[in-house]
Amino acid sequence: MTQAAISRELTIGQLAERSGVAPSALRFYEESGLIGSRRTSGNQRRYRRETLRRVAFIRVSQNLGIPLAEIREALSLLPDGRTPTPEDWAAVSERWRGDLDARIHQLTQLRDHLSGCIGCGCLSLRDCALANPGDALAERGPGARRLTGEAPDRTGAADSADAADSSVDGLADGATVAATDGSGTEGSEGRSGAPGCP
């Protein structure tokens, strides 16, 4: 496609085709105040081409689990009536930087530790006896305490869990070896899976 052939405005069908988002979803975004359009004399929608970037931003944000209300609030920082500049988008990025960093940390924790004890209280894996003896991490509160990244409550049983955390981190490979049989295949209690740990 040549530069001259690129339209500065898109029909809803063109926007849907290029963005990969169904027309019904685009109408919903517009009704929710996430994107805007003008109407032709025939009452047809026309979207500025930069709407493609907004739609991509909305879709990625939704895939990360960010609520539409927060997405709308972030998009409200962008100017109306002109194409947003890199500086405009930088303001949106800065607003979410802390939240995105926290999400990245949690995703990394999930990726790296789901095959071992996550501190959820199930006590179903071999690692749980070291990392969460007697469900000591329950003293810090509900949930998977080793995935949340929250500061520990330095009282009683939680202290013993902290010490166990260090032991497990240093002996992770050893635990895997101990869980294998003579053929090198992990047994039912090995670290390759985490049944019972949703």
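Please refer to the structure higher up on the page.
Residues numbered from 1 in each chain as written. Predicted model: local features only at pLDDT ≥ 70, side-chain atom pairs only at ≥ 80, totals over all residues. Heavy atoms only, no water.

A.B. asks: With reference to specific residues and values, describe the sheet that holds strand 2 (residues 38-39).
C.D. replies: With antiparallel pairing, three strands are arranged side by side in an open sheet as 1-3-2. Each end of this open sheet is capped by a strand with a single partner; those strands are strand 1 (9-10) and strand 2. Bridge count for strand 2 against strand 3 (residues 45-48) is two bridges, and the pairing is antiparallel. Directly across from R39, in strand 3, lies its bridge partner R45. (Pairing = 2+ DSSP bridges. Helix = DSSP H or I, 4+ residues; strand = E, 2+ residues; numbered from the N terminus.)

A.B. asks: Which residues make up the packing of helix 3 (residues 51-63) against helix 4 (residues 68-75), and what are the values?
C.D. replies: Relative orientation of the contacting elements helix 3 and helix 4 amounts to 145°, with a least axis distance of 10 Å. Here the hand of the crossing between helix 3 and helix 4 comes out right-handed. Every residue of helix 4 that contacts helix 3 at R54, F57, I58, S61 and Q62 is listed here: L68, I71, A74 and L75. In the contact of helix 3 with helix 4, the residues fall into six nonpolar, two polar and one charged. (Axes fitted to C-alpha atoms, helices over the stretch in contact; angles between N-to-C directions. Left-handed = near helix turned anticlockwise from the far one by under 90°. Contact = heavy atoms within 4.5 Å. Nonpolar A, V, L, I, M, F, W, Y, C, P; charged D, E, K, R; others polar.)

A.B. asks: Go over the pattern of salt bridges with me, naming the residues and quoting the values.
C.D. replies: Pairs can form between side chains of opposite charge whenever their charged atoms are close. Tallied over the full model, the rule gives six salt bridges. Note that E9 and R38 form a salt bridge whose closest N and O atoms lie 2.7 Å from each other. Placement of E9 in strand 1 and of R38 in strand 2 is noted, with a sequence separation of 29 residues between them. Overall, the relative accessible area of 40% leaves R38 in the partly exposed class. (Salt bridge = Lys/Arg side-chain N within 4 Å of Asp/Glu carboxyl O. Buried < 20%, exposed > 50% of the residue type's maximum accessible area, 1.4 Å probe, protein only.)

A.B. asks: Describe the packing of helix 1 (residues 12-19) against helix 3, naming the residues involved and giving the relevant values.
C.D. replies: Helix packing geometry: the angle between the two helix axes and the distance between the axes. At a minimum axis separation of 10 Å, helix 1 and helix 3 run at an interaxial angle of 50°. Regarding the angle of helix 1 to helix 3, the classification is oblique. Note that helix 1 runs across helix 3; the crossing there is right-handed. From helix 1, L15, R18 and S19 reach across to helix 3, where they touch T51, L52 and V55. Tallied by class, residues from the contact of helix 1 with helix 3 come to three nonpolar, two polar and one charged. (Parallel < 35°, antiparallel > 145°, perpendicular 65-115°, else oblique.)

A.B. asks: Outline a nonpolar patch on the surface, listing residues and values.
C.D. replies: A contiguous nonpolar surface patch, about 420 Å² in accessible area, is contributed by V60, L64, L107, L110 and L114. In this structure, L114 sits in the loop between helix 5 (86-113) and helix 6 (128-131). Since its relative accessible area comes to 34%, L114 is described here as partly exposed. (Patch = residues over 30% accessible without salt bridge, like charges linked within 9 Å, V, L, I, M, F, W, Y side chains within 5 Å. Areas by Shrake-Rupley, 256 points an atom, 1.4 Å probe, with all protein chains shown as cover.)

A.B. asks: Which residues make up the nonpolar core, and what are the values?
C.D. replies: Within the largest apolar cluster, 23 residues are counted, with the highest numbers of intra-cluster contacts made by L26, Y29, I35, F57, I58, I71 and L75. Looking at this core, the elements with two or more residues in it are helix 1, helix 2 (23-31), helix 3, helix 4 and helix 5. The element best represented in this core is helix 3, accounting for four residues. Setting aside residues no more than four positions away along its own chain, L26 makes contact with I12, L15, A16, V21, I35 and V55. (Core = buried A, V, L, I, M, F, W, Y, C linked by side-chain atoms within 4.5 Å.)

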